[in-house]
Amino acid sequence: MDGMADPRSATPLTRRQFIQAGGMAAVGVAALGAAACQPPSTKSAQASRSPTPSPTPTPSPTPPLVPLAIVAMRRRDYPGSPLTIAQTLSPGSNYTQSIASYLSDGLRINGLLTVPRGSRPANGWPVIIFNHGYIPPAQYRTTERYVAYVDALARNGYIVFKSDYRGHGSSQGQPSSAYGMPDYTVDVLNALSTLKRFAGADPTRIGFWGHSMGGHITLRSLVISQDIKAAAIWAGVVAPYRDLLNWHPPPADSSPPAFNASWRVDFVKQFGTPDENPAFWDAISPNAFLQDVTAPVQMHHGTADADVPLAFSQTLLQELTGLNKSAELFTYPGDNHNISNNFSTAMTRSIAFFDRILK
């Protein structure tokens, strides 16, 4: 489930309702009327009247602050670490390439790092954090998959860093679900902090690129950090949780995304369904916090994607534009989850998008 695509139309389908942000504060209930007062002239009348107690307001429940909650993720730190070069690889056409590592939650996370050769801009090179889609963690290799994607971005004058995520390849830690746990988002936000202080990088010009599961990670990161200046999402898992709960990607010719049923079953059992407890599901959903997105967002999706529904991207487009955010969607008729048939067109559009904002 790597990713590639080609753009055609940017017209959303019928507008759908979307989750409005906020709604996490408890709502007070107004007290009812007070007992009537009697004039002090008739003691007997006063004594016969017992005061009517005002009902106690019942506050609305506050969603539990699970680690996945956006508010909880905003409260924690993402310090990153110095980037350590572990292995020098064969260079690209106009860039160096290496395997580098950094720390996230005390774990050593590996990643693929490219750095442009040539005269460095006065303030440093622009940076793209590359968030890959689902690949079975035990099968994942730092230098495999997404080779053409990374190369295209690197050749156009960007420092590119593709984090392996914890538990992938030789990175430390245990793999988890990107949708039921915050771990992979924590890893890329620590990568963001790490690259901000990497020699040769411009900390004010950092964008995110995400495919499939990496699109979800990118969207979650956008509502947590304002240091991300632009985001390109290809075939992203970016719908509200109400839709994600009913999403069952087909196995097709590759393993399905790390979307195992356990977190869904556990959350529903503990907190109820979105209809029963919308406040909880809003609390963990980046779609409920889109008013805080400050970066322009460009999306790409094939209309024949059998893994992630096109409607996910269409929904996000409607949500963002409904909030007057900068967003666009390119669709590719008949193309697949990786936008393989239109890769060159989609990548050209993505690079032009990043160039417009980051250069």
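As the structure is a computational prediction, the values presented were derived from the model and not from experiment. (Residues numbered from 1 in each chain as written. Predicted model: local features only at pLDDT ≥ 70, side-chain atom pairs only at ≥ 80, totals over all residues. Heavy atoms only, no water.)

Student: Describe helix α3 (residues 147-155), naming the residues involved and giving the relevant values.
Tutor: For α3, the complete set of buried residues consists of Tyr149, Val150, Ala152, Leu153 and Ala154. Where α3 terminates, the next one or two residues include Gly157, which has phi positive at roughly 85°. (Buried < 20%, exposed > 50% of the residue type's maximum accessible area, 1.4 Å probe, protein only. Helix = DSSP H or I, 4+ residues; strand = E, 2+ residues; numbered from the N terminus.)

Student: Outline the packing of aromatic side chains, supporting the account with residue identities and numerical values.
Tutor: Scanning all chains against the criterion turns up 24 aromatic pairs. Note on Tyr179 and Trp247: the rings are 6.2 Å apart at their centroids and 90° apart in plane angle, and the pair reads as edge-to-face. Residue Tyr179 is located in the loop between β5 (159-163) and α4 (183-196), and its partner Trp247 is located in the loop between α6 (241-244) and α7 (261-271); the two are separated by 68 residues in the primary sequence. Per residue, the accessibility class of Tyr179 equals that of Trp247, and both read buried. Note on Tyr241 and Trp281: the rings are 6.1 Å apart at their centroids and 40° apart in plane angle, and the pair reads as tilted. Within this pair, whereas Tyr241 is found in helix α6, its partner Trp281 is found in helix α8 (residues 278-284), the two being separated by 40 residues in sequence. Of the two residues, Tyr241 and Trp281, both sit in the buried class. Put simply, the rings of Phe130, Tyr146, Tyr149, Trp209, Trp234 and Phe343 touch in pairs and so form one group of aromatic residues. (Phe/Tyr/Trp six-rings, centres within 6.5 Å; stacked < 30°, edge-to-face > 60°.)

Student: How would you sum up the pattern of salt bridges? Please name residues and give values.
Tutor: On inspection of all chains with the given rule, the structure shows eleven salt bridges. One salt bridge connects Arg242 with Asp275, and the closest N-O pair in it is separated by 2.7 Å. One end of the pair, Arg242, is in helix α6; the other, Asp275, is in the loop between α7 and α8, with 33 residues separating them in the sequence. Classification of Arg242 as partly exposed rests on a relative accessible area of 42%. We classify Asp275 as exposed; its relative accessible area is 63%. Look at the salt bridges and you will find they share partners, linking Arg76, Asp105, Arg166, Asp183 and Asp187 into a network. (Salt bridge = Lys/Arg side-chain N within 4 Å of Asp/Glu carboxyl O.)

Student: Kindly report on unusual backbone geometry, identifying the contributing residues and their values.
Tutor: Here Tyr165, not a glycine, exhibits a phi torsion of approximately 75°, which is positive. Among the structural elements, Tyr165 can be located in the loop between β5 and α4. Positive phi outside glycine occurs at Ile339, with the angle close to 50°. Note that Ile339 resides in the loop between β9 (327-332) and α10 (343-358).

Student: Account for the packing of α4 against helix α5 (residues 213-222), with residues named and values stated.
Tutor: Any two packed helices are characterised by the angle at which their axes cross and by the distance between the axes. Where α4 contacts α5, the axes come no closer than 9 Å and their chain directions differ by 65°. One finds that α4 runs roughly perpendicular with respect to α5. Pair α4 / α5 crosses with right-handed handedness. Touching Tyr184, Thr185, Val188 and Leu189 of α4 are Met213, Ile217, Arg220 and Ser221, all from α5. Tallied by class, residues from the contact of α4 with α5 come to five nonpolar, two polar and one charged. (Axes fitted to C-alpha atoms, helices over the stretch in contact; angles between N-to-C directions. Parallel < 35°, antiparallel > 145°, perpendicular 65-115°, else oblique. Left-handed = near helix turned anticlockwise from the far one by under 90°. Contact = heavy atoms within 4.5 Å. Nonpolar A, V, L, I, M, F, W, Y, C, P; charged D, E, K, R; others polar.)

Student: Could you give an account of the environment of Gly106, naming the residues involved and the relevant values?
Tutor: Note that Gly106 resides in the loop between β2 (95-104) and β3 (107-116). Taking the relative accessible area as the measure of exposure, Gly106 reaches 61% and is therefore exposed. Sequence spacing of Gly106 and Ser81 is 25 residues, and the spatial spacing of their C-alpha atoms is 9.7 Å.

Student: Describe in detail the confidence of the model for the protein, supporting the description with residues and values.
Tutor: Interpretation of this model should avoid reading the predicted coordinates in detail wherever pLDDT is low. Chain-level statistics for the protein give a pLDDT mean of 85 and a share of 79% at 70 or above. pLDDT under 50 marks residues 1-54. Its contacts with residues more than four places away, or in other chains, come to 121 contacts. Throughout residues 252-259 the model reports pLDDT below 50, and contacts reaching past four residues in sequence, or to other chains, amount to 22 contacts. (pLDDT = per-residue confidence, 0-100.)

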